[in-house]
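# Summary of structural features
Residues per chain are reported as follows:
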Amino acid sequence: MSAEDLEKYETEMELQLYREYRDVVGLFKYVIETERRFYLTNQYELHVRSADGEVFFELAMADAWVWDMYRPARFVKNVRVLTFKDVNVEELTKSDLEMPSGNEGFGT
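As the structure is a computational prediction, the values presented were derived from the model and not from experiment.

Where strand 2 (residues 38-41) lies against strand 4 (residues 54-66), two bridges are found, and the strand directions are antiparallel. Counterpart to tyrosine 39 in the pairing with strand 4 is valine 66. Counted between consecutive antiparallel strands, the loop separating strand 3 (residues 43-51) from strand 4 contains two residues, among which aspartate 52 sits at a positive phi close to 50 degrees. With eight bridges connecting them, strand 4 and strand 5 (residues 75-83) associate as antiparallel partners. Bridged to leucine 59 within strand 5 is valine 81.

Here you go:
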């Protein structure tokens, strides 16, 4: 497989992933971003933990969707993440889910 074939494959996979995201985002209430992954979920628990003077985050989610083009199944029953990096949690609103119409944002 050439580098060009690999790049084309990855581009197609990213497009497929974006389309899937667009189709499922309306099913979820929260967007959660860690340093490694991007999740959609309706339920989560986030706890700040400390051990040996180090602070870390413990994140648990149920019935989540994960943005990862290398996973064959992106819906997961339970997710547990331990991280020393930031965790960003945003609550989605209906206006966040609406796609722009026409040429909005393209100089018009």
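So, about the layout of surface pockets. It is the rolling of a water-molecule-sized probe over the atoms that shows where space remains empty. Of the volumes computed, that of the largest pocket is approximately 180 Å³. Taken together, Thr34, Glu35, Arg36, Arg37, Tyr39, Val66, Arg71, Val76, Val79, Val81, Leu82 and Thr83 make up the full set of residues lining the largest pocket. Here the lining of the largest pocket gets five residues from one element, more than from any other, and that element is strand 5. Looking at the lining of the largest pocket, its residues break down into six nonpolar, two polar and four charged.

A few words on the packing of aromatic side chains. Two descriptors summarise a pair of aromatic rings, namely the distance from one centre to the other and the angle between the planes of the rings. Under the definition given, this model contains nine aromatic pairs. Both rings, one in tyrosine 21 and one in tryptophan 67, keep their centres 5.7 Å apart while their planes meet at 70 degrees; by these two values the pair is edge-to-face. With a gap of 46 residues between them, tyrosine 21 in helix 1 (residues 3-24) and tryptophan 67 in the loop between strand 4 and strand 5 connect regions that are remote in the sequence.

Turning our attention to helix 1. Under the 1.5 Å per step criterion, the end-to-end length of helix 1 is 31 Å for 22 residues, consistent within 8% with the ideal 32 Å. Along helix 1, the residues classified as buried are Met13, Leu17, Tyr21 and Val24. The buried residues of helix 1 occupy an angular sector of 80 degrees when projected down its axis, which confines them to one face. Turned more than 90 degrees away from the buried face of helix 1, the exposed residues are Glu4, Glu7, Lys8 and Asp23. At its buried positions, helix 1 is contacted by strand 2, strand 4 and strand 5.

The next point concerns the confidence of the model for the protein chain. Detailed reading of the predicted coordinates is not advisable wherever pLDDT falls low. Looking at the protein chain as a whole, the pLDDT averages 87, with 87% of positions reaching at least 70. Element-level mean pLDDT values for the protein chain span from 62 in helix 2 (residues 94-97) up to 97 in strand 1 (residues 30-33). Ignoring residues within four places in sequence, the model shows residues 103-108, a span with pLDDT below 50, making one contact including any to other chains.

Right, let's get into the nonpolar core. Formed by Tyr30, Ile32, Tyr39, Phe57, Leu59, Met61, Ala64, Val66, Val76, Val79, Val81 and Val87, the largest nonpolar core amounts to twelve residues. When contributions to this core are tallied by element, the ones reaching two or more residues are strand 1, strand 4 and strand 5. Element by element, the count of residues in this core is highest for strand 4, at five residues. Apart from residues no more than four positions distant in its own chain, alanine 64 is found in contact with Phe28, Leu40, Thr41, Arg74, Phe75, Val76 and Val79. Within the second largest apolar cluster, eleven residues are counted, among which are Met13, Val25, Val31 and Met69.

The rules behind the values
- Residues numbered from 1 in each chain as written.
- Predicted model: local features only at pLDDT ≥ 70, side-chain atom pairs only at ≥ 80, totals over all residues.
- Heavy atoms only, no water.
- Pairing = 2+ DSSP bridges.
- Helix = DSSP H or I, 4+ residues; strand = E, 2+ residues; numbered from the N terminus.
- 1 Å grid on protein atoms, 1.4 Å probe; cavity = no way out; pocket = protein on both sides within 12 Å on 5 of 7 lines; lining within 4 Å.
- Points joined across faces, edges and corners; volume = space filled by probe spheres on them.
- Nonpolar A, V, L, I, M, F, W, Y, C, P; charged D, E, K, R; others polar.
- Phe/Tyr/Trp six-rings, centres within 6.5 Å; stacked < 30°, edge-to-face > 60°.
- Expected span 1.5 Å × (residues − 1).
- Buried < 20%, exposed > 50% of the residue type's maximum accessible area, 1.4 Å probe, protein only.
- Arc of directions from axis to C-beta.
- Contact = heavy atoms within 4.5 Å.
- pLDDT = per-residue confidence, 0-100.
- Core = buried A, V, L, I, M, F, W, Y, C linked by side-chain atoms within 4.5 Å.

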